[in-house]
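Chain and residue survey
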Amino acid sequence: MSSADFDVKIKLIILVSIGILVLLGILLGLLHRDRHFSKYLVGPLGVIVVLVAILESLLTIHQ
């Protein structure tokens, strides 16, 4: 694996991790505001699931 590929994968892992943290913050904000499950929680939950799958894929490729 070349150095450039390694750098790109590390950057992608960092960006996906930050994205998950931001979406968790949005999710907690929605839960705090509504105090119950609402239709607006489905979108961030779906994106978090996709980002976790991408992160898992990047981590397995990285090894």
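These numbers were taken from a predicted model, which means no experiment stands behind them. (Residues numbered from 1 in each chain as written. Predicted model: local features only at pLDDT ≥ 70, side-chain atom pairs only at ≥ 80, totals over all residues. Heavy atoms only, no water.)

Details of the nonpolar core
Formed by I13, V16, I20, L23, L27, L30, L41, I48, L51, L55 and L58, the largest nonpolar core amounts to 11 residues. When contributions to this core are tallied by element, the ones reaching two or more residues are α1 (3-34) and α2 (42-62). Counting residues per element, this core draws most heavily on α1, at 6 residues. Dropping the residues within four chain positions of it, V16 is found in contact with L51, I54, L55 and L58. (Core = buried A, V, L, I, M, F, W, Y, C linked by side-chain atoms within 4.5 Å. Buried < 20%, exposed > 50% of the residue type's maximum accessible area, 1.4 Å probe, protein only. Helix = DSSP H or I, 4+ residues; strand = E, 2+ residues; numbered from the N terminus. Contact = heavy atoms within 4.5 Å.)

A look at a nonpolar patch on the surface
A cluster of nonpolar side chains, namely I14, I18, V22 and I26, defines an oily patch on the protein surface of about 350 Å² accessible area. Inspection of the secondary structure assignment puts I26 in helix α1. (Patch = residues over 30% accessible without salt bridge, like charges linked within 9 Å, V, L, I, M, F, W, Y side chains within 5 Å. Areas by Shrake-Rupley, 256 points an atom, 1.4 Å probe, with all protein chains shown as cover. Salt bridge = Lys/Arg side-chain N within 4 Å of Asp/Glu carboxyl O.)

Quick look at the UniProt feature "transmembrane region" (unreviewed entry) in the protein chain
Cross-referencing UniProt, the feature "transmembrane region" (unreviewed entry) maps to residues 12-31 and 37-59 in the present numbering. Helix and strand shares over residues 12-31 are 100% and 0% respectively, and the end C-alpha atoms of the span are 28 Å apart. Between the first and last C-alpha atoms of residues 37-59 the distance is 32 Å; the span itself is 78% helix and 0% strand. (UniProt positions renumbered as here; feature names shortened; annotations may be inferred.)

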